[in-house]
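# Commentary on secondary and tertiary structure
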Amino acid sequence: AQTVTQSQPEMSVQEAETVTLSCTYDTSESDYYLFWYKQPPSRQMILVIRQEAYKQQNATENRFSVNFQKAAKSFSLKISDSQLGDAAMYFCAYSGGNTGNQFYFGTGTSLTVIP
Amino acid sequence: DVKVTQSSRYLVKRTGEKVFLECVQDMDHENMFWYRQDPGLGLRLIYFSYDVKMKEKGDIPEGYSVSREKKERFSLILESASTNQTSMYLCASRLSGTGTPDTQYFGPGTRLTVL
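Residues numbered from 1 in each chain as written. Chains lettered and ligands numbered in written order. Predicted model: local features only at pLDDT ≥ 70, side-chain atom pairs only at ≥ 80, totals over all residues. Heavy atoms only, no water.

What follows covers the pairing of strand β9 (residues 74-79) of chain A. Here is the key point about a regular strand: its side chains alternate between the two faces of the sheet. Residues and elements named next belong to chain A. With five of six residues buried, β9 is to be regarded as a mostly interior element. With three bridges connecting them, strand β3 (residues 19-21) and β9 associate as antiparallel partners. Counterpart to L21 in the pairing with β9 is L77. Two elements, strand β8 (residues 64-69) and β9, share six bridges in a ladder whose sense is antiparallel. Bridge pairing in β9 links V66 to L77. In textbook terms, the turn of a hairpin is the stretch between consecutive antiparallel strands, and for β8 and β9 this stretch comprises four residues, one of which, K73, has a positive phi near 55°. (Buried < 20%, exposed > 50% of the residue type's maximum accessible area, 1.4 Å probe, protein only. Helix = DSSP H or I, 4+ residues; strand = E, 2+ residues; numbered from the N terminus. Pairing = 2+ DSSP bridges.)

Below, the discussion takes up the interface of chain A and chain B. Of the residues lining the interface, 22 residues belong to chain A; the matching set on chain B comes to 28 residues. Where chain A abuts chain B, roughly 1900 Å² becomes buried across the two surfaces, and 51% of that area is made up of carbon and sulfur atoms. Summed over the three residues of chain A that lose the most area to chain B, namely A:Q44, A:N101 and A:Q102, the buried surface amounts to 30% of that side. Our enumeration of links across chain A and chain B arrives at five residue pairs in polar contact (both at pLDDT 80 or more). Elements with a minimum of two residues in the side of chain A that touches chain B: β5 (32-39), β6 (46-52), β10 (88-96) and β11 (103-105) of chain A. Looking at the side of chain A that touches chain B residue by residue, the classes come out as eight nonpolar, twelve polar and two charged. (Contact = heavy atoms within 4.5 Å. Buried area = accessible area lost by both parts, 1.4 Å probe. Polar contact = N/O pair within 3.5 Å; in protein donor to acceptor, adjacent residues only side chain to side chain. Nonpolar A, V, L, I, M, F, W, Y, C, P; charged D, E, K, R; others polar.)

If you want it as structure tokens, here you go:
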């Protein structure tokens, strides 16, 4: 089975600064999709950004961008100009072409934004 | 916007009780999922369903069953609740399945406590 590893259980960032959350994964597939989800305290989990493995260009959504290194099996999330509303648990997830419907999630990184 | 709702935000049950957790999605999605979320373990898949009356086991199906009689509704059943099933339960739905970049949409979660 595929594994997804988030090695930073907790991170903190000063408001307006930039932070990078790490994610690595293990797979033998060539086609797959990677996702970052955000779970604010007591609120629903929502999609932040996704990356298709066959695309070399890193995905970007406003202040959120990824650094996708396919050979290294690394998929980090960069949050620029951090805001108080970015405080949340962040989960990295993998979905593969041969893994059926199953998503594989990391254990999460809790991000604190310091005013 | 996709809406995924869960029948209860908080639930307290006694050991040995039969527990039903209900999930409803309003976007005609084919695929629905049940996860449990525990600190330090991330999200673990219990069961998923890719069509009405169809189901597949996830990584931790023991002690759980599911039912999908209608496309929009996916129920998780704890036949005889035990204290180690105290957890946060998340439901999700997804439009398409294998090999697509479609995201999962999550419900708000049910925090179940078994005494």
